[in-house]
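Listed below, chain by chain, are the residues.
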Amino acid sequence: QGLGSLKRAVADYRAYLRSKEAAKDGPLIYWRIGKLYEQLKDWKAAAAHYERFASRYGRKVGPERILTSRVKQAHATKRMGKRRDAMRLYQEIVKQSAKLPQAVLAKPESKLALAEARFELLEDEFNAYYNLKLRLPQRVLDRLINDKLRRHAKLEKSYTEVLATGAGSYGIASAQLRSRCHRA
């Protein structure tokens, strides 16, 4: 990896995984291969790789790492241009996280993964809210104002939940978008 050839590093890591020495650090090496695919911007390989991570190493790593691998899979899927599939993955992640124990959700890795999933799911709602233009006649204006107020309350609540996770960059982005809601 340090030699500058990321593709060569992937091949070397894969060769190492096939060796007997890889038994104890297989999950770490496998994870690094996924990160290399991300650096190569090979989103198709990254998505497939992170999807296999859970089935291959699910019993050897904690649930927080599985949660993160699912989020990375969704992120790579979105980068491939399959936004609808990515949004379905993010929805599944949020739904399945409700079944996880609080101790797992309190871990920084889980907080960050869940914050990313929740934040990504708000993108369409925010755009719909932000692009909602008020217009006449009065009856239409009244309906649009009520719709905008309803959407505003929902977005404010959702962004506050992301902010409350304590997940740095997603919390900051949520706070910024929440303040943009007040100006729209």
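Residues numbered from 1 in each chain as written. Predicted model: local features only at pLDDT ≥ 70, side-chain atom pairs only at ≥ 80, totals over all residues. Heavy atoms only, no water.

(A) The arrangement of the nonpolar core in detail. In this structure, Leu17, Ile33, Tyr37 and Phe53 are the most contacted members of the largest nonpolar core, which totals 21 residues. For this core, the elements supplying multiple residues, two or more each, are helix 1 (6-18), helix 2 (26-40), helix 3 (43-57) and helix 4 (63-79). Counting residues per element, this core draws most heavily on helix 3, which supplies seven residues. Contact partners of Leu17, with chain neighbours within four places excluded, come to Ala22, Gly26, Ile29, Tyr30, Ile33 and Tyr57. By size, the runner-up hydrophobic cluster in this structure holds 13 residues, among which are Tyr129, Tyr159, Val162 and Tyr170. (Core = buried A, V, L, I, M, F, W, Y, C linked by side-chain atoms within 4.5 Å. Buried < 20%, exposed > 50% of the residue type's maximum accessible area, 1.4 Å probe, protein only. Helix = DSSP H or I, 4+ residues; strand = E, 2+ residues; numbered from the N terminus. Contact = heavy atoms within 4.5 Å.)

(B) Here's a closer look at unusual backbone geometry. Cis geometry marks the peptide bond from Leu136 to Pro137, where omega comes out at 15°. With respect to the helices, strands and loops of the structure, Pro137 is situated in the loop between helix 8 (123-130) and helix 9 (138-164). Despite not being glycine, Lys41 has its phi angle at roughly 60°, a positive value. Considering the arrangement of structural elements, one finds Lys41 in the loop between helix 2 and helix 3.

(C) A look at the side chain of Lys148. Along the chain, Lys148 turns up in helix 9. Comment: no salt bridge for buried Lys148; closest opposite-charge side chain is Asp147, at 8.9 Å. Within polar-contact distance, the side chain of Lys148 engages the backbone oxygen of Leu132 at 3.0 Å. Beyond its immediate chain neighbours, meaning those up to four positions away, Lys148 contacts Tyr129, Tyr130, Leu132 and Ala184. (Lys, Arg positive; Asp, Glu negative; His and termini not counted. Salt bridge = Lys/Arg side-chain N within 4 Å of Asp/Glu carboxyl O. Polar contact = N/O pair within 3.5 Å; in protein donor to acceptor, adjacent residues only side chain to side chain.)

Everything listed is a geometric property; what it means functionally is a separate question.
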